[in-house]
Amino acid sequence: MFDFDKSFEEYAMHWYDEHRAELDDEALEDKMPQLYEDWANAPLDALSGLTPLSFFSHIDAPDLIKLMVSSCEGEQNPSSLLLDRIAEVPACAQGLRDVIRASSNSKARVIAANLLTEMGEVHPLDVYAALLCDEAADPSLRETGIEVMCEFADDIADKLYAYIPDATLSQKGMIAEVLVCAKRDDRTLRLLEELFASGDNVPFYAGLIGKYGDERAAAMLYRALDTCNYMEYIEIKNAIERLGGVVEDNRDFSDDPYFAAIKNLG
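Residues numbered from 1 in each chain as written. Predicted model: local features only at pLDDT ≥ 70, side-chain atom pairs only at ≥ 80, totals over all residues. Heavy atoms only, no water.

Helix and strand counts for the protein stand at 16 helices and zero strands. A principal-axis box enclosing the C-alpha atoms of the protein has dimensions of 70 × 50 × 30 Å. For the protein, the proportion of its 266 residues judged to be buried stands at 44%. In the protein, once contacts between residues fewer than 6 apart in sequence are set aside, the share between residues at least 24 apart is 59%. Accessible surface, the protein: about 14700 Å² in total, of which carbon and sulfur atoms supply 49%. For the protein, the centre of its 23 positive side-chain charges and the centre of its 52 negative side-chain charges are spaced 8 Å apart. (Helix = DSSP H or I, 4+ residues; strand = E, 2+ residues; numbered from the N terminus. Buried < 20%, exposed > 50% of the residue type's maximum accessible area, 1.4 Å probe, protein only. Contact = heavy atoms within 4.5 Å. Areas by Shrake-Rupley, 256 points an atom, 1.4 Å probe, with all protein chains shown as cover. Lys, Arg positive; Asp, Glu negative; His and termini not counted. Charge placed at Lys NZ, Arg CZ, Asp CG, Glu CD.)

As C-alpha cells, this is what we get:
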C-alpha cells in the first residue's frame, strides 16, 4: 500500500530545503499543520491524480477497515487520513467492533476502540470485561477497555460482578476500577474492603474508596492511619476527606523513607 506518512515526510523535507534560510526550528514546527493540509490536498501521480485526502473517500466501509488492520502490521501505523475517514463513516462502526472481537492484532484493536469512542458508537463491552481476567490480554487494549467501561459502568457491572469469585487480586483491582464508576452496590463495597485489607497497593485502593464515596468505608480507613507509611497516608487521608471525614495531622513521619523522598521531590 502507498506509504502516506513517507510521502508527507518527503513533501515536508523538500519544502524545508527550499525555505530553511527563512525559518528557525520553532517556526518550522508551527508551519507543520499547514504543510500537512497542503500535502493532503495536492494531487499525486502515485494515487492516479487523486489527492491523499480524497483517496480514502473512494473506498467503501469494509475496505477501509481492512486497510486499517493491514496498516497495523509490524511497525506500521495507519495514516491519520485513513483514521479520520473511518471516523466520518458510520457504516465502519460494525467493522470496528468486529476487529475488537476477532482480530489478533492488538494495535488494530486499540485503534478500533479509540475510533468507536471518537464516533460516539456502541462498544463491545463484554469483550473488554473478559480482558480483565485474561492473563494473555494486551495491556494497552485492557487499559483502553477499562477507560471505556468506566464511562458505561452501569451497563457492564453485572458481568463484572460475575467475574469476581474466580478473579485474582490484581484482576479484582481492575474490576473495582470500573465498578466504582457504577451505581452504589454492596458488592462493590465488599470488594473494595477486601482489596484494601489485603495490604497490596494501598494508595491505589484508598483512592478507589474515596472515589466510590461510600461513608461506611471510613472506619477501615481511619484504622489504617496508625500503621501506614507516608505514601499510603497521603492517599488514605485524601480518601477520608473525600468521604467527608477529617484527619488530624499528628503523626511523625520524619524517619519514613517515603516522607524524605516525597519532600525532596517537592
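This part is about the pattern of salt bridges. Overall, the coordinates contain 10 salt bridges when judged by the stated rule. Here Arg187 makes a salt bridge to Asp158, at a shortest N to O gap of 3.9 Å. Here the residue Arg187 occupies a position in helix 12 (residues 186–197), and Asp158 occupies one in helix 10 (residues 153–163), the gap between them amounting to 29 residues. Since its relative accessible area comes to 34%, Arg187 is described here as partly exposed. (Salt bridge = Lys/Arg side-chain N within 4 Å of Asp/Glu carboxyl O.)

Let's shift gears to helix 5 (residues 80–88). Listing the buried residues of helix 5 in full gives Leu81, Leu82 and Ile86. The buried side chains of helix 5 occupy one side of the element, clustering within an arc of 135° when seen end-on. Where helix 5 begins, the capping side chain belongs to Ser79, and its oxygen is found 3.1 Å from the backbone nitrogen of Leu81. (Arc of directions from axis to C-beta. Polar contact = N/O pair within 3.5 Å; in protein donor to acceptor, adjacent residues only side chain to side chain.)

With that settled, the discussion passes to the packing of helix 13 (residues 202–212) against helix 15 (residues 230–242). Helix 15 packs onto helix 13 with a crossing angle of 5° between their chain directions and a minimal axis gap of 8 Å. The pairing of helix 13 with helix 15 is recorded here as roughly parallel in orientation. Across the interface between the two elements, Val202, Pro203, Ala206, Gly207, Gly210 and Lys211 from helix 13 touch Met231, Glu232, Glu235, Ile236, Ala239 and Arg242 from helix 15. In the contact of helix 13 with helix 15, the residues fall into six nonpolar, two polar and four charged. (Axes fitted to C-alpha atoms, helices over the stretch in contact; angles between N-to-C directions. Parallel < 35°, antiparallel > 145°, perpendicular 65-115°, else oblique. Nonpolar A, V, L, I, M, F, W, Y, C, P; charged D, E, K, R; others polar.)

For Phe196, the location among the structural elements is in helix 12. Using a relative accessible area of 7% as the deciding quantity, one classes Phe196 as buried. Along the sequence, Phe196 and Ala206 sit 10 residues apart, while their C-alpha atoms lie 6.8 Å from each other. Among residues more than four places away in sequence, those in contact with Phe196 are Val202, Tyr205, Ala206, Ile209, Met220, Leu221, Ala224 and Ile236.

Phi is positive for Ser48, close to 60°, though the residue is something other than glycine. Among the secondary structure elements, Ser48 is positioned in the loop between helix 2 (25–40) and helix 3 (52–55). Here Ser48 falls in the exposed class, since its relative accessible area comes to 70%. The backbone of Asn201 sits at a positive phi, close to 55°, despite the residue not being glycine. Relative to the helices and strands, Asn201 resides in the loop between helix 12 and helix 13.

What follows deals with the layout of surface pockets. In this structure, the largest pocket occupies an estimated 190 Å³ of space. Looking at the largest pocket, the residues that line it are Met1, Phe2, Asp3, Phe4, Asp5, Ser71, Gln76, Asn77, Pro78, Ser79 and Leu82. Grouping the amino acids of the lining of the largest pocket by side-chain chemistry returns five nonpolar, four polar and two charged. (1 Å grid on protein atoms, 1.4 Å probe; cavity = no way out; pocket = protein on both sides within 12 Å on 5 of 7 lines; lining within 4 Å. Points joined across faces, edges and corners; volume = space filled by probe spheres on them.)

Next up on the list: a negative patch on the surface. Taken together, the side chains of Asp24, Asp25, Glu26, Glu29 and Asp30 define an acidic patch exposed on the protein surface. Examined against the element boundaries, Asp30 turns out to sit in helix 2. (Patch = residues over 30% accessible without salt bridge, like charges linked within 9 Å, V, L, I, M, F, W, Y side chains within 5 Å.)

Here the structure, examined in full by the defined rule, presents 11 aromatic pairs. Where Phe204 meets Tyr205, the ring centres are 5.5 Å apart and the plane angle is 55°; that geometry is what we call tilted. Above the plane of the ring of Tyr212 lies Arg184, whose end atom (NZ or CZ) is 5.5 Å from the centre. Over the ring of Tyr161 we find Arg187, and its NZ or CZ is 3.8 Å from the ring centre. (Phe/Tyr/Trp six-rings, centres within 6.5 Å; stacked < 30°, edge-to-face > 60°. Lys NZ or Arg CZ within 6 Å of the ring centre and 35° of its normal.)

Any functional reading would require information beyond the geometric quantities listed.
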